Amino acid sequence: MSSFGTLFRVHTYGESHCKSVGCIIDGVPPGLSLTEEDIQVQLSRRRPGQSDITTARSEFDQVHLQSGTEHGVTLGTPIGLLVQNKDQRPHDYAETDLYPRPSHADYTYLAKYGVKASSGGGRASARETIGRVAAGAIAEKYLKEAFGVEIVAFVGSVGKVALPYAHEEDEVLGKEYLDLIKTITRAEVDKEITRCPHKETSAKMEEVIRAAKARDDSLGGTVTCVIRHCPLGLGEPAFDKLEAVLAHAMLSIPSTKGFEIGSGFRGSTFPGSQHNDPFVDGTHGVTGEKQLRTTTNWSGGIQGGISNGEDIYFRIAFKPPATISQEQATARYDGSSGVLAAKGRHDPCVVPRAVPIVETMAALVIMDMVLQQNARRTAASLLPPLTHLPPAMVIPGKSTVQAVSSGKAQGEAVQDQKVGEE
């Protein structure tokens, strides 16, 4: 469907060549300082026509707030956002009246609905993501102000050109790669038009993208994203585990074909003795509050489907854009053979513009989970404190740990102690 989220709920609308695209957002907390400029930053990072390695379609994607704010403050009511489509060229798509584009959604949309948009990609177009990015920009702002959350994505590979961070045979993941995840900023990412934060690799990526464009072809790639300072305890087992909802969000982005979190598929080749993340005494990176941390983070910040306070990092694979101008032998809708050389203006590689889409979709997930967890905690806080639970049912205080360790309180109820306190 066209809606995402439970308490922070986004409904997007619009097609590639209609009058406008946008969204309605329900669940934005009241009192958040918000202007169109706050939202425009991410939309401008996503927009087409940024460089010669993106589509030549010229859209400035200027956002217009329609409702839900007054005097620069959110009211708690639904927020409507609108972006005008201004550079449509429907005549570029005459060939697709006869041909379904190979690996595009033309055929499957017709099979599902019996009708489709006459030009462009319709709802399958990346234009649809404008509403997501706008909504996610609002979520990002709240998360940053309320919790200090930082979300940064970057391009890790284009075609066969990838960041030169090797993983040694005995390492789950390499130190250089992990250091990059811990420290990378959006300013560093945006220094390169590929949004790869490694200058030499970025230059090679530009070269292969331009070469693909020159031969009317396209390339895929990967985007890595990190969420730092995520609140502890987010995720809704069993079916809405945090990594499951993140995967849902990321794989709903056009052209995505794969998702892995933490050590991912590589982690499956290591024994538990090497892959487990031991706990250590520590503090929260923003608030300084005492909490357990882990010495490694192969879990990618999520255990049991719930955030553990460490950095959440994951990687998404994007396929090569389906619409290319190179001649392709294929079939027409009637089954007869033919040759299609699609026209139109399309990205030779989508990953540089996918970076803000990944970031804002991640923000939508975390925002929704924050509201769900806060609702649960607020409801629980209204009840009388629990003071007679056994140590196995709560986070025990230091004296309780000592008592249990010495055998004095094993299996006995902890008397006169609030849950998680001394």
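Residues numbered from 1 in each chain as written. Predicted model: local features only at pLDDT ≥ 70, side-chain atom pairs only at ≥ 80, totals over all residues. Heavy atoms only, no water.

**Q** What's the story with the overall build of the chain in this structure? I'm lost.
**A** Across its full length, the chain holds 11 helices and 18 strands. Here the C-alpha radius of gyration of the chain, 24 Å, is about what a compact globule of 422 residues would show, namely 22 Å. With the C-alpha coordinates aligned to their principal axes, the bounding extent of the chain is approximately 80 × 55 × 40 Å. Of all intrachain contacts in the chain linking residues separated by at least 6 positions in sequence, the fraction that spans at least 24 positions is 72%. Carbon together with sulfur atoms contributes 55% to the accessible area of the chain, which is approximately 20600 Å² in total. Computing the positive centroid from 44 side-chain charges and the negative centroid from 50, the chain places the two 3 Å apart. (Helix = DSSP H or I, 4+ residues; strand = E, 2+ residues; numbered from the N terminus. Rg over C-alpha atoms; globule rule 2.2 N^0.38 Å. Contact = heavy atoms within 4.5 Å. Areas by Shrake-Rupley, 256 points an atom, 1.4 Å probe, with all protein chains shown as cover. Lys, Arg positive; Asp, Glu negative; His and termini not counted. Charge placed at Lys NZ, Arg CZ, Asp CG, Glu CD.)

**Q** Got a minute to help me understand the packing of aromatic side chains in this structure?
**A** Aromatic ring pairs are defined here through the distance separating the ring centres and the angle between the ring planes. One pass over the full model with this rule turns up two aromatic pairs. Seen from their ring centres, Tyr109 and Tyr113 are 5.7 Å apart, and the 50° between their planes marks the pair as tilted. Of this pair, Tyr109 and Tyr113 are both found in helix H2 (residues 106-113), four residues apart, which corresponds to roughly one turn of the helix. Overall, Tyr109 belongs to the partly exposed group, its relative accessible area being 27%. The exposed category is assigned to Tyr113, whose relative accessible area is 52%. Consider the rings of Phe259 and Phe314, whose centres lie 5.5 Å apart with planes at 35°: the pair is tilted. (Phe/Tyr/Trp six-rings, centres within 6.5 Å; stacked < 30°, edge-to-face > 60°. Buried < 20%, exposed > 50% of the residue type's maximum accessible area, 1.4 Å probe, protein only.)

**Q** Please clarify how the environment of Ile193 should be interpreted in this entry.
**A** As for its position among the elements, Ile193 is in the loop between helix H5 (186-189) and helix H6 (199-214). Looking at Ile193, the relative accessible area reads 37%, which means it is partly exposed. As a C-alpha pair, Ile193 and Gly220 span 27 residues in sequence and 16 Å in three-dimensional space.

**Q** What is the right way to look at helix H4 (residues 175-183) in this model?
**A** A turn of α-helix holds 3.6 residues, and therefore any two residues three or four places apart point the same way. When H4 is considered as a whole, its buried residues turn out to be Tyr177, Leu178, Leu180 and Ile181. Considered in projection along H4, the buried side chains sweep an arc of 155° and stay on one side of the axis. Among the exposed residues of H4, those oriented more than 90 degrees off its buried face are Lys175, Glu176, Lys182 and Thr183. Residues of H4 that are buried sit in contact with strand E8 (150-158), strand E10 (221-228) and strand E16 (312-318). (Arc of directions from axis to C-beta.)

**Q** Any chance you could explain unusual backbone geometry here in plain terms?
**A** Glycine aside, residues mostly have negative phi angles, and peptide bonds mostly take the trans form. Cis geometry is adopted by the peptide bond preceding Ala238, which originates at Pro237 and carries an omega value of 10°. As for its position among the elements, Ala238 is in the loop between E10 and helix H7 (242-251). At Asp216, a position not held by glycine, the phi torsion is positive, near 60°. Counting through the fold element by element, Asp216 comes out in the loop between H6 and E10. According to the relative accessible area criterion, Asp216 is partly exposed, its value standing at 37%. Notably, His229 is not glycine yet its phi reads approximately 65°, a positive angle. By the element assignment, His229 lies in the loop between E10 and H7.

**Q** Please clarify how the packing of helix H1 (residues 36-46) against helix H3 (residues 129-147) should be interpreted in this entry.
**A** Each pair of packed helices gets described by two things: the angle between the helix axes and the distance between those axes. Contact geometry for H1 and H3: axes closest at 8 Å, N-to-C directions at 135°. When the axis of H1 is compared with that of H3, the two are oblique. Here H1 runs over H3; the crossing is right-handed. Contact with H1, carried on its side by Asp38, Ile39, Gln42, Leu43 and Arg46, involves Thr129, Ile130, Val133, Ala134, Ala137, Ile138, Glu140 and Lys141 of H3 and no other residues of that element. (Axes fitted to C-alpha atoms, helices over the stretch in contact; angles between N-to-C directions. Parallel < 35°, antiparallel > 145°, perpendicular 65-115°, else oblique. Left-handed = near helix turned anticlockwise from the far one by under 90°.)

**Q** It is not clear to me how the pattern of salt bridges should be interpreted in this structure. Could you clarify?
**A** Once their charged atoms are close, side chains differing in charge can pair, the charge on each being opposite to the other. Inspection of the entire model under this criterion finds 22 salt bridges. Residue Arg315 is joined to Glu260 by a salt bridge in which the shortest nitrogen-to-oxygen separation is 2.7 Å. With Arg315 in strand E16 and Glu260 in strand E11 (residues 256-261), the pair connects residues that are 55 residues apart, well separated along the chain. Residue classification places Arg315 among the partly exposed residues on the basis of a relative accessible area of 34%. As a salt-bridge pair, Glu310 and Arg293 come within 2.7 Å of each other at their nearest N and O atoms. (Salt bridge = Lys/Arg side-chain N within 4 Å of Asp/Glu carboxyl O.)

**Q** Mind showing me how you'd approach the sheet that holds E10 here?
**A** Strand pairing in a sheet takes place through backbone hydrogen bonds and is either antiparallel or parallel in direction. Here we have five strands laid out as an open sheet, ordered E9-E8-E10-E16-E11, and antiparallel in their pairing. Of all the strands in the sheet, just strand E9 (161-162) and E11 have a single pairing partner and so form its edges. Looking at chain direction, E8 and E10 are connected through eight bridges and run antiparallel. Residue pairing across strands places Glu150 opposite Arg228, the latter belonging to E10. Sheet strands in contact with H7 are E10, E11 and E16, and its direction is about 155° off that of E11. (Pairing = 2+ DSSP bridges.)

**Q** Hey, could you run me through the pairing of E10 in this one?
**A** Every regular strand shows the same layout, with side chains that alternate between the two sheet faces. A large share of E10 lies buried, amounting to eight of its eight residues. Of the two faces of E10, both are covered, the one formed by Gly221, Val223, Cys225 and Ile227 as well as the one formed by Thr222, Thr224, Val226 and Arg228. In the sheet, E10 pairs with E16 via seven bridges, with the strands oriented antiparallel. Across the sheet, residue Thr222 finds its bridge partner in E16, namely Ala317.

**Q** What's the story with the side chain of Thr12 in this structure? I'm lost.
**A** As for its placement among the helices and strands, Thr12 is situated in strand E2 (residues 9-13). Ignoring any residue separated from it by four or fewer positions in sequence, one finds Thr12 in contact with Ser2, Gly22, Cys23, Arg123, Glu128, Gly131 and Arg132.

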